[in-house]
Amino acid sequence: MVNTLYPGAKIGIIGAGQLGKMLAQSAQKMGYQVYFYDPNPTSCGFDVAQGHTVGNFDDREKLLDFVQTVDVVTYEFENIDGDLLQEIEAQAYLPQGTTLLLNGQERIKEKTWLNEQGIPTTQYKEITVIDDIDVDMGYPFILKTTRFGYDGKGQIKVDSDHDLAMKSEAIQNLLAEQPLIQEAYCDFAYEASIMVARDLQGNIKYFPISINQHEHGVLFSSLVGQTFDPEMTATIEAIAGKIAAAGELVGVCGIEFFVSRAGDILVNEIAPRPHNSGHYTIEACNVSQFDQHILAITGHPLIDVRLMEPALMINILGQHLPRLSEGMAEFPNAIFHIYNKGEAKTQRKMGHFTITNPNFTDLADLLAISQTLKT
Ligand code: ADP
Ligand code: MG
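Because the structure is predicted, anything quoted here is derived from the model rather than measured.

## Considerations on the sheet that holds strand β8 (residues 180–184)
Strands in a sheet are paired, the pairing made by backbone hydrogen bonds, and the direction either parallel or antiparallel.
1) Next: The sheet built from four strands is open, its strands ordered β5-β8-β6-β7 with antiparallel pairing. Edge strands, defined here as strands with exactly one partner in the open sheet, are β5 (124–127) and β7 (155–158). Going across the sheet, the axis of each strand differs from the next one's by a mean of 20°, ignoring polarity.
2) Next: Pairing between β5 and β8: four bridges, direction antiparallel. Along β8, the bridge assignment pairs Glu126 with Ile181.
3) Next: Of the strands in this sheet, β5, β6 (141–145), β7 and β8 are in contact with helix α5 (residues 107–116), which crosses β5 at around 150°.
4) Next: Relative to the sheet, helix α7 (residues 168–177) contacts β5, β6, β7 and β8, its axis offset from that of β7 by approximately 145°.

Okay, here's the thing in structure tokens:
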């Protein structure tokens, strides 16, 4: 069913962090009214909405009441209980769907589902007790909590037998909470990601691929240029298209990849919503990931994506905020986004900035700039 909504319609967004906030800013420029649902009474998204409800993500009654007050529901938050999400889908209009989210919110299920679609991932194993750990997988490997992880939280890298012994207490502590996934470590040449969008009619559009650098598990920078390998682009787009179609996506989805030194392309994880590595699209593309998501869920056709300029996006974490004025002076051509999230905790994403430059001819130039900023 294609249900086209027009300016004045009410969009309900579950989750009012920075992704919700930027979705709201896109929706409002198009004339929609935005209502948020989030447990945090000082959520940054609330600043830019017509209204909000403070409630827990597992408060079934409150959430079901909320979704009935809007014309269309979307989510930026992934950890909603599966059964509750399906109730929301039955009682309200949720074109974004649940298939991708339900297959992606638990790491073992995510990799199993991807492999079933013929999409390669790292080798993995479910760990429920410490003796399940398979040292024959080879070192290094990474143990991760199967649910609720983000920005590298709940992950332990193990380098050797000795390291495993040293970290066994920390591993036991994680296991006391939930099962873990043991993943072979991918000695990648680089990490890449793509934002894919799909509309109600099943049309798919791809945003340009970005090359991402992580620091301590948190995205540090994304680089986007015009010189990305065409063969690699075709492979990554084919995988993204398969995920969007099989996952019955409506809206945007971010897909993270490892590109191995041998050129193998493995999917690391999927995020069925706007994604940090797609923030560059606000300044560098003719349509942003947020615009495209709002177009899709309101039943409008997607816009053909063009990269206007090569771009470098850098995250601003809590520990960087005290140097904000210095950064602004150093990059007078950058657009700074500050989310106004409150407490500037170390490693917490507080904002980002994007430098676009038509003279960046290749990714190596951008990478060099990015490296100099890392210190
Ligand atoms: P999160 O949900 O916290 O983003 P990820 O699985 O994406 O979790 O891990 C965060 C980062 O840690 C990745 O972007 C990558 O840099 C590194 N990493 C995670 N898993 C692996 C792996 N199997 N091999 C190599 N690096 C990894
Ligand atoms: Mg990730």
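That was the structure; now back to the text.
## With respect to the site of ligand 1
1) Next: Taken together, the neighbourhood of ligand 1 is formed by 21 residues, with Lys144, Gly152, Cys186, Glu191 and Glu269 sitting nearest.
2) Next: A total of 540 Å² of accessible area belongs to ligand 1 in isolation, and the protein chains cover 92% of it.
3) Next: Elements with a contribution of two residues or more to the shell around ligand 1: β6, β8, β9 (188–198), β13 (251–260) and β14 (265–271).
4) Next: Of the residues that constitute the shell around ligand 1, the class distribution is seven nonpolar, seven polar and seven charged.
5) Next: Viewed by domain, the shell around ligand 1 spans two of them, domain 2 (123–184) and domain 3 (188–373), each represented by three or more residues.

## Looking at the packing of helix α1 (residues 18–29) against helix α10 (residues 289–297)
Each pair of packed helices can be summarised by the angle the axes make with each other and by the distance between the axes.
1) Next: Where α1 contacts α10, the axes come no closer than 9 Å and their chain directions differ by 65°. The orientation of α1 relative to α10 falls into the category roughly perpendicular. Our pair here, α1 against α10, has a crossing hand that is right-handed. Across the interface between the two elements, Leu19, Met22, Leu23, Ser26, Ala27 and Lys29 from α1 touch Phe290, Asp291, His293 and Ile294 from α10.
2) Next: A class-by-class count of the residues in the contact of α1 with α10 yields six nonpolar, two polar and two charged.

## Considering helix α8 (residues 230–246)
Side chains of residues three or four places apart in an α-helix project in the same direction, reflecting 3.6 residues per turn.
1) Next: With 17 residues, α8 should cover 24 Å at 1.5 Å per step; its first-to-last C-alpha distance of 24 Å lies within 8% of that length.
2) Next: Those residues of α8 lying buried are Met232, Thr233, Ile236, Ile239, Ala240, Gly241, Ile243 and Ala244.
3) Next: Against α4 (99–104), α5, β9, β10 (204–206), β13 and β14 lie the buried residues of α8.
4) Next: The backbone nitrogen of Glu231 lies 3.1 Å from a side-chain oxygen of the residue at the head of α8, namely Asp229.
5) Next: Of the residues flanking the end of α8, it is Glu248, one or two places downstream, whose phi is positive at about 50°.

Parameters and conventions
- Residues numbered from 1 in each chain as written.
- Chains lettered and ligands numbered in written order.
- Predicted model: local features only at pLDDT ≥ 70, side-chain atom pairs only at ≥ 80, totals over all residues.
- Heavy atoms only, no water.
- Pairing = 2+ DSSP bridges.
- Helix = DSSP H or I, 4+ residues; strand = E, 2+ residues; numbered from the N terminus.
- Axes fitted to C-alpha atoms, helices over the stretch in contact; angles between N-to-C directions.
- Contact = heavy atoms within 4.5 Å.
- Near = heavy atom within 4 Å.
- Areas by Shrake-Rupley, 256 points an atom, 1.4 Å probe, with all protein chains shown as cover.
- Nonpolar A, V, L, I, M, F, W, Y, C, P; charged D, E, K, R; others polar.
- Domains from an automatic or database assignment.
- Parallel < 35°, antiparallel > 145°, perpendicular 65-115°, else oblique.
- Left-handed = near helix turned anticlockwise from the far one by under 90°.
- Expected span 1.5 Å × (residues − 1).
- Buried < 20%, exposed > 50% of the residue type's maximum accessible area, 1.4 Å probe, protein only.
- Polar contact = N/O pair within 3.5 Å; in protein donor to acceptor, adjacent residues only side chain to side chain.

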